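Geometric and topological summary
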Amino acid sequence: MLLLQLALILSLGKTAKLVASAGGKSPAQEAMFKIGNFLIIVAVVLAVIMVASIPVAMPTVFSITLALGALNLSKKKGDCF
């Protein structure tokens, strides 16, 4: 029993030392970080473009809405009152 506990302590100690001594990033981690940063930048740029396009599209939406409303009123031939 004591021998089993001692073996666990020693193997866990060795594992902890190995994990602590492993430093730096692997090439795979660096590539994943680069891809992640690129995707974050792309998402931010797309969000900015979408927000910037809202004021440009507003006059078009208002014009179409007013035209459709006028068309709807003309089909009713003034029977709206």
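Everything in this summary refers to the structure shown in the same document. Just so it is clear, the structure is predicted and the values come from calculations on it, not from any experiment. (Residues numbered from 1 in each chain as written. Predicted model: local features only at pLDDT ≥ 70, side-chain atom pairs only at ≥ 80, totals over all residues. Heavy atoms only, no water.)

A separate point is the overall build of the protein chain. Check the secondary structure of the protein chain and you find two helices and zero strands. Counting all 81 residues of the protein chain, 0% fall into the buried class. With the model as given, the accessible surface of the protein chain reaches about 7600 Å², and the carbon-plus-sulfur share is 78%. (Helix = DSSP H or I, 4+ residues; strand = E, 2+ residues; numbered from the N terminus. Buried < 20%, exposed > 50% of the residue type's maximum accessible area, 1.4 Å probe, protein only. Areas by Shrake-Rupley, 256 points an atom, 1.4 Å probe, with all protein chains shown as cover.)

Taken together, the side chains of Ile35, Phe38, Leu39, Ile41, Val42, Val45, Leu46 and Ile49 define a hydrophobic patch exposed on the protein surface, amounting to about 760 Å² of accessible area. As for its placement among the helices and strands, Leu46 is situated in helix α2 (residues 27-76). The class for Leu46 is partly exposed, based on a relative accessible area of 48%. (Patch = residues over 30% accessible without salt bridge, like charges linked within 9 Å, V, L, I, M, F, W, Y side chains within 5 Å. Salt bridge = Lys/Arg side-chain N within 4 Å of Asp/Glu carboxyl O.)

This part takes up α2. Its 50 residues give α2 an end-to-end C-alpha distance of 70 Å, which sits within 8% of 74 Å, the value for a rise of 1.5 Å per residue. The principal kink in α2, of about 40°, is found at Ala57, preceding the proline Pro59 by one to four residues. Just beyond α2, the residue with positive phi is Lys77, at close to 55°. (Expected span 1.5 Å × (residues − 1). Bend = angle between axes of the 7 residues up to and from the residue.)

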